[in-house]
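For reference, the chains in residue letters:
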Amino acid sequence: MKKVFGLALGILTAIGGFLDIGDLVTNAVVGSRFGLSLGWAVVVGVIGICIFAQMSGRVAAVSGRATFELIRERLGPRVAILNLGASFLINLMTLTAEVGGVALAVQLITSVSYLLWVPLAAVAVWLVIWRVKFTIMENVAGLVGLCLIGFLVAFFLLNPDWGELGRQAVQRVSTGTEKVSTYWFYAVALFGAAMTPYEVFFFSSGAVEEGWTVKDLAQSRANVIVGFPLGGVLSLAIAGCAAVVLLPQLIAVTALSQVMLPVAQAGGKILLGLIILGVVAATFGAALETTLSAGYTIAQFFGWSWGKFRPPARAARFHLLMIICLIVAIATLLTGVDPITVTEISVVFSAVALPLTYLPILIVANDPEYLGEHVNGRLLNGVALFYMVIILVASIAAIPLLIITGAGQ
Amino acid sequence: MIITDLLGARVFGPDFVGFVTDARFRLYTSSTGRPARLYGIVVSPHARSSSLGYERSDVRSPWPIAALVRSRHRGSFLVRWEDIERVDVRRVNLRPGFTRVSSQLP
Amino acid sequence: MTNAPTDHGSRWLDAQLHLLDRQVLDAAGVPVAVVDDLELSDVLTGEDLPVGTPPPVITALLSGPVLGTRIFGGRPPQSRLHRTPWALVSEVGVVISLAIRGETTDLTWTERWVRDHIIGRLPGGRHDPERKKRGDSATSKRGDS
């Protein structure tokens with residue numbers, strides 16, 4: 001059991017990274033419009049995050065330096081502040097969306113207006129960050145979030161036509177009214193969602209929070225190998241459920257409740273209940289991850305004391321910043337903005353910030369001053385360089401595609 | 001004097017030879033007070049700043065970035081303090097007959 | 001980028017590569033600042049240096065609102081920069097460690113202000129989440145609280 005808990009950081013990072021409220025809906029939207037023909041984008045993204053999270057975890061374990069600290073040290077303040085600006089905005093948008101997402105998910109259970117839940121959700125997130133120990137937080141959020149496995153169960157219960165799905169996976173399929181540019185917009189969005197920068201900021205800072213050292217390199221690797229592919233499989237399961245149930249009936253996904261339709265159809269009330277629990281936990285976990293990431297990036301850039309392992313009084317500015325972020329989130333949500341739209345747009349912006357985040361990781365992972373003998377091998381460097389090209393292409397294409405397709409209309 | 005006054009300064013000896021991209025110090029770890037004495041300045045003919053340092057070390061991975069940086073800083077060299085004649089605002093003059101030393105970190 | 005010691009008793013440090021933008025930790029391993037600039041002992045400017053003039057030494061680490069000027073240019077007045085005398089530096093590695101605790105310097109003024117007036121006043125603000133000391137496994141780089 002202890003071994004399973006040791007993997008909680010990777011699982012929580014993955015869940016918060018690509019199974020948060022925006023991605024849950026995006027995956028269902030993609031499934032309902034394109035079937036499984038964009039599955040490859042998820043796979044490519046998962047491999048990418050595994051490679052870079054592994055590197056940033058190794059750097060954090062061996063040198064004690066979290067990723068954002070490295071960006072300023074290696075690339076200088078100009079590049080770092082650019083990255084900080086982009087990352088912080090994305091974190092803020094995403095955490096706002098997640099707090100809204102928790103409220104939306106709880107509304108599904110209680111049918112009480114979601115606006116009432118918004119401040120409560122934000123306060124709950126704050127209380128956990130303020131008081132709950134990091135390992136307990138990741139264990140509970142990560143493992144309850146695994147209830148999303150219900151989507152995988154539902155997928156198999158729906159008796160999918162494997163031949164049809166296989167056909168979708170290898171050729172581009174759509175409902176006929178979809179344009180090529182929309183297909184590629186969602187490909188970039190799914191790739192960007194899997195490789196969102198706050199995942200490595202959170203994972204590497206979490207490695208420092210847990211006090212990983214050289215002895216924990218194997219555990220770091222295990223977290224990556226288990227967590228992110230699991231997240232990828234669940235992403236595909238959500239898309240798959242939508243592909244099987246919603247695509248043939250041409251049902252468009254516009255709300256969280258429609259994401260649940262296939263599950264209700266497959267497994268009835270019990271499975272639905274499990275899923276909703278998973279959604280609440282996953283969104284809550286994502287809210288924790290993005291809020292902490294906002295704190296980590298700003299504190300690490302300015303050299304402030306940070307970390308949940310310290311009493312809040314010893315990381316005062318770090319905690320104050322996160323409180324301010326949550327207050328801003330509440331205020332934004334109370335104006336009535338739709339949290340799901342917010343996060344769908346922020347995913348595309350993270351695609352733009354990708355190169356600035358992953359290049360310093362690659363550079364430091366080769367630096368003997370930080371890693372001693374644990375620097376990258378040639379094979380890993382080769383694959384990572386290949387991915388840098390993909391990342392560059394995705395980041396250049398993201399904004400034009402967003403504009404051309406009107407955010408995937 | 002603060003270091004950012006020196007970094008990026010134009011270097012003349014007597015013609016323009018490059019920009020100050022870094023300052024090398026020798027840290028005497030066994031002396032009292034552990035002084036860090038300015039040993040020399042790193043001059044790069046084409047570029048104003050260098051924060052990655054590939055041109056001064058033998059780390060070659062990842063190769064495209066190392067190659068790019070080394071190309072940008074080709075011809076960079078170290079000038080010892082003794083060869084510096086004058087330090088002005090954003091300008092450094094070198095003594096006639098100054099020696100170009102390798103900027104490799106030993 | 002490697003920093004191999006040469007003849008024993010001295011090491012080479014390049015300002016951009018090893019000192020600037022590095023994290024500064026206090027004696028307990030708590031982050032206190034980032035090195036934004038370096039103060040050197042006085043150098044005669046505007047005149048030719050006589051042969052045999054001794055080289056300047058680093059006299060202090062500078063931190064403070066130099067960020068804007070590092071990015072855009074110019075230089076803030078000396079009075080706004082926090083000075084950490086070089087003599088207080090105990091180790092230069094991936095991070096720069098000081099021999100004193102953060103509370104004793106002006107560097108951590110804002111941190112202490114936020115602690116005393118905001119965070120410290122909230123219930124549980126001073127609660128230590130890691131009350132049980134870590135075991136005797138390999139020393140992690142986190143530092144104490």
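Keep in mind that what you see is a predicted model, and the values were worked out from it rather than measured.

On to the overall build of chain B, then. Regarding its fold elements, chain B presents 2 helices and 6 strands. In sequence order, the secondary structure elements of chain B are arranged as α-β-β-β-α-β-β-β. Over its C-alpha trace chain B gives a radius of gyration of 14 Å, about what one expects of a compact globule, namely 13 Å for 106 residues. On the principal axes, the C-alpha backbone points of chain B span a range of 40 × 40 × 25 Å.

The secondary structure content of chain C amounts to 3 helices and 8 strands. In sequence order, chain C lays out its α and β elements as β-α-β-β-β-β-α-β-β-β-α. Burial status across chain C gives 35% buried among its 145 residues. Once local pairs closer than 6 in sequence are excluded, the contacts in chain C between residues at least 24 apart make up 46%.

With 37 residues of chain A at the contact, the number on the chain C side is 36 residues. Of all the elements in the fold, those that place two or more residues in the side of chain A that touches chain C are helix H5 (67–110), helix H6 (114–131), helix H14 (316–334) and helix H16 (368–371) of chain A.

An α-helical segment advances 3.6 residues per turn. Residues three or four places apart therefore align on the same side. Residue and element names in this part refer to chain A. Compared with the 21 Å implied by 1.5 Å per residue over 15 residues, the 21 Å span of helix H10 (residues 180–194) between its first and last C-alpha is a close match. For H10, the buried fraction is high: 12 of the 15 residues fall into the buried class. Listing the buried residues of H10 in full gives Thr182, Tyr183, Phe185, Tyr186, Ala187, Val188, Ala189, Leu190, Phe191, Gly192, Ala193 and Ala194. Taken together, the buried residues of H10 touch helix H2 (8–18), helix H3 (21–34), helix H4 (39–63), helix H12 (217–245), helix H15 (339–364) and helix H17 (378–405).

A few words now on the sheet that holds strand S6 (residues 82–85) of chain C. Residues and elements named next belong to chain C. Across the sheet, 3 strands lie side by side as S4-S5-S6; this open sheet has antiparallel pairing. Two strands close off the open sheet at either side, each with one partner strand: strand S4 (37–40) and S6. Within the sheet, the average angular offset between the axes of one strand and its neighbour, ignoring direction, is 35°. With 4 bridges joining them, S4 and strand S5 (residues 58–63) adopt antiparallel strand pairing. From the neighbouring strand, Glu39 faces S5, where its bridge partner is Ala60.

Moving on: the interface of chain A and chain B. Facing the 11 residues of chain A at the interface are 7 residues of chain B. Elements with a minimum of two residues in the side of chain A that touches chain B: H5, H15 and H17 of chain A. Broken down by element, the side of chain A that touches chain B gets its largest block of residues, 3 residues, from H5(A). Grouping the constituent residues of the side of chain A that touches chain B by class yields 5 nonpolar, 4 polar and 2 charged.

Time to look at the nonpolar core. All names here are of chain A. Grouped together as the largest cluster of nonpolar side chains are 212 residues, with contacts concentrated most on Val99, Val125, Phe151, Leu190, Cys241 and Ala242. A total of 21 residues in this core trace back to one element, the largest contributor, which is helix H13 (residues 256–302). Among all residues touching Val125, those that are not within four sequence positions of it are Val99, Phe284, Ala287, Leu288, Thr291 and Leu326.

All names here are of chain A. For H13, spanning 47 residues, the distance from its first C-alpha to its last is only 38 Å, which falls clearly below the expected 69 Å at 1.5 Å a residue. The largest bend in H13 is about 130°, located at Gly268. Looking at the residues trailing H13, positive phi occurs at Gly303, about 80°.

Residues and elements named next belong to chain A. Interhelical geometry of H3 versus H15 gives an angle of 85° and a closest axis separation of 8 Å. Overall, the two elements H3 and H15 adopt an arrangement that is roughly perpendicular. Packed against H3, whose contacting residues are Ile21, Gly22, Val25 and Thr26, the element H15 presents Pro339, Ile340, Thr343, Glu344 and Val347 at the interface. Of the residues that constitute the contact of H3 with H15, the class distribution is 5 nonpolar, 3 polar and 1 charged.

Residue and element names in this part refer to chain A. Across the interface, H3 lies against H13 with an axial gap of 9 Å and an inter-helix angle of 150°. It follows that H3 is roughly antiparallel to H13 by the angle criterion. Two secondary-structure elements touch here, H3 through Ile21, Leu24, Val25 and Ala28 and H13 through Leu256, Gln258, Val259, Val279, Thr283 and Ala286. Looking at the contact of H3 with H13 residue by residue, the class counts come to 8 nonpolar, 2 polar and no charged.

Next up on the list: the pairing of strand S3 (residues 36–44) of chain B. The side chains of a regular strand alternate, first on one face of the sheet and then on the other. All names here are of chain B. Extensive coverage of S3 is indicated by the burial of 8 of its 9 residues. In terms of strand pairing, strand S2 (residues 16–28) meets S3 through 8 bridges, oriented antiparallel. Paired with Phe19 across the strands is Ser44, a residue of S3.

Residues and elements named next belong to chain C. Taken in spatial order, the 4 strands of this open sheet run S3-S2-S8-S7, and their pairing is mixed. Each edge of the sheet is formed by a strand with only one pairing partner; in this case those strands are strand S3 (31–34) and strand S7 (89–92). For this sheet, the mean inter-axis angle between neighbouring strands, taken without regard to orientation, is 25°. With 2 bridges joining them, strand S2 (residues 23–25) and strand S8 (residues 96–98) adopt parallel strand pairing. Across the sheet, residue Leu25 finds its bridge partner in S8, namely Ser97.

Let us look at unusual backbone geometry. In this structure, B:Pro14 follows B:Gly13 across a cis peptide bond, with omega equal to -15°. Its location among the elements puts B:Pro14 in the loop between strand S1 (10–12) and S2. One non-glycine residue, A:Ser111, adopts positive backbone phi at about 60°. Here A:Ser111 is to be found in the loop between H5 and H6. By the C-beta count within 10 Å, which is 8 here, A:Ser111 ends up exposed. One non-glycine residue, B:Arg90, adopts positive backbone phi at about 60°. Note that B:Arg90 resides in the loop between strand S5 (84–88) and strand S6 (91–94). With 12 C-beta atoms packed within 10 Å, B:Arg90 lands in the exposed category.

About the thresholds
Residues numbered from 1 in each chain as written. Chains lettered and ligands numbered in written order. Predicted model: local features only at pLDDT ≥ 70, side-chain atom pairs only at ≥ 80, totals over all residues. Helix = DSSP H or I, 4+ residues; strand = E, 2+ residues; numbered from the N terminus. Rg over C-alpha atoms; globule rule 2.2 N^0.38 Å. Buried ≥ 20, exposed ≤ 12 C-beta atoms within 10 Å, placed from the backbone. Contact = placed C-beta atoms within 7 Å. Expected span 1.5 Å × (residues − 1). Pairing = 2+ DSSP bridges. Axes fitted to C-alpha atoms, helices over the stretch in contact; angles between N-to-C directions. Nonpolar A, V, L, I, M, F, W, Y, C, P; charged D, E, K, R; others polar. Core = buried A, V, L, I, M, F, W, Y, C linked by C-beta atoms within 7 Å. Bend = angle between axes of the 7 residues up to and from the residue. Parallel < 35°, antiparallel > 145°, perpendicular 65-115°, else oblique.

None of this, on its own, says anything about what the molecule does.
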